[in-house]
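Secondary and tertiary structure notes
Now for the letters of each chain:
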Amino acid sequence: MRPIFPDLARYRTERIALWNDYTRKPLSHYYHAGVRRLYRLVVPPGARVLEIGCSGADLLASLKPAFGVGLDFSPVAIAVAKRNYPELHVAMADAHNLCLTAKFDYITDRIFATGGTRWTGHSRHY
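What counts and how
Residues numbered from 1 in each chain as written. Predicted model: local features only at pLDDT ≥ 70, side-chain atom pairs only at ≥ 80, totals over all residues. Heavy atoms only, no water. Helix = DSSP H or I, 4+ residues; strand = E, 2+ residues; numbered from the N terminus. Buried < 20%, exposed > 50% of the residue type's maximum accessible area, 1.4 Å probe, protein only. Core = buried A, V, L, I, M, F, W, Y, C linked by side-chain atoms within 4.5 Å. Contact = heavy atoms within 4.5 Å. pLDDT = per-residue confidence, 0-100. Expected span 1.5 Å × (residues − 1). Patch = residues over 30% accessible without salt bridge, like charges linked within 9 Å, V, L, I, M, F, W, Y side chains within 5 Å. Areas by Shrake-Rupley, 256 points an atom, 1.4 Å probe, with all protein chains shown as cover. Salt bridge = Lys/Arg side-chain N within 4 Å of Asp/Glu carboxyl O. Pairing = 2+ DSSP bridges.

**A closer look at the overall build of the chain**
The helix and strand tally for the chain stands at four helices and five strands. Counted from the first residue to the last, the chain has its helices and strands arranged as α-α-β-α-β-α-β-β-β. Here the chain holds 126 residues, and 37% of them are scored as buried.

**A few points about the nonpolar core**
Core analysis: the largest hydrophobic core is formed by 17 residues, its most contacted members being Val 43, Val 49, Ala 57, Leu 63, Leu 88 and Val 90. Elements with a minimum of two residues in this core: helix H2 (28–42), helix H3 (58–62) and helix H4 (75–84). Here the element with the most residues in this core is H3; it accounts for three residues. The contacts of Leu 88, once residues within four sequence positions are left out, are Ala 57, Leu 60, Ala 61, Pro 65 and Gly 68. Judged by nonpolar contacts, the second largest core, of six residues, contains Ile 52, Val 69, Leu 71 and Ile 107.

**What to know about unusual backbone geometry**
Within the chain, Ser 55 stands out as a residue other than glycine whose phi angle is a positive 50°. Note that Ser 55 resides in the loop between strand E1 (48–52) and H3. Backbone geometry places Ala 57, a non-glycine residue, at a positive phi of 70°. By the secondary structure assignment, Ala 57 is in the loop between E1 and H3. You can call Ala 57 buried: its relative accessible area is 0%.

**A short note on the confidence of the model for the chain**
Here the chain shows a mean pLDDT of 78. Residues at 70 or above account for 67%. Overall, residues 113–126 carries pLDDT values under 50, and its contacts beyond four positions in sequence, including any with other chains, amount to 32 contacts.

**Notes on H2**
The terminal C-alpha atoms of H2 lie 22 Å apart, and with 15 residues this matches the ideal 21 Å at 1.5 Å per residue to within 8%. For H2, the complete set of buried residues consists of Ser 28, His 32, Ala 33, Gly 34, Val 35, Arg 36 and Tyr 39.

**Regarding a nonpolar patch on the surface**
Together, Leu 38, Leu 41 and Val 42 give the surface a local cluster of nonpolar side chains, amounting to about 330 Å² of exposed area. The residue Val 42 is located in helix H2 in this model. Residue classification places Val 42 among the partly exposed residues on the basis of a relative accessible area of 46%.

**Things to note about the environment of Thr 13**
Summarising the element assignment, Thr 13 is placed in helix H1 (residues 8–20). A sequence separation of 61 residues divides Thr 13 from Ser 74, and the C-alpha atoms of the two residues are 10.0 Å apart.

**Some details on the pairing of E1**
In terms of residue burial, E1 counts as a mostly covered element, since four of its five residues are buried. Examined bridge by bridge, E1 and strand E2 (residues 67–72) share five bridges and lie parallel to one another. In the sheet register, Glu 51 faces E2, and the bridge partner there is Gly 70. In the sheet, E1 pairs with strand E4 (residues 106–109) via four bridges, with the strands oriented parallel. The partner of Val 49 across the bridge, within E4, is Tyr 106.

Pasting the structure below:
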């Protein structure tokens, strides 16, 4: 059987290398501060939050979750997140291959740069 994405391994390696070398632009501070403010309007402190593509986990930490999980495919980003926010659970994972068993009140997805929060309502699982 022929693989669906024959260059997937190369793509993944190049993507990780790109984000490992990424440095935020100085003026992006204003954008990220605005994103944090918007998310705090929707996500109350003490919620169970999963952030996919957490990078350094600044957004996740600013939400003050009771249980916060951050996932990213960049080992450099995960090391930064672990160093800066030891109270959070951060792990290396690729959003293309997630298998979630934990339940979350909110899932934030930074893969889509404009961001979005999905509220799971009363079901409490996603």
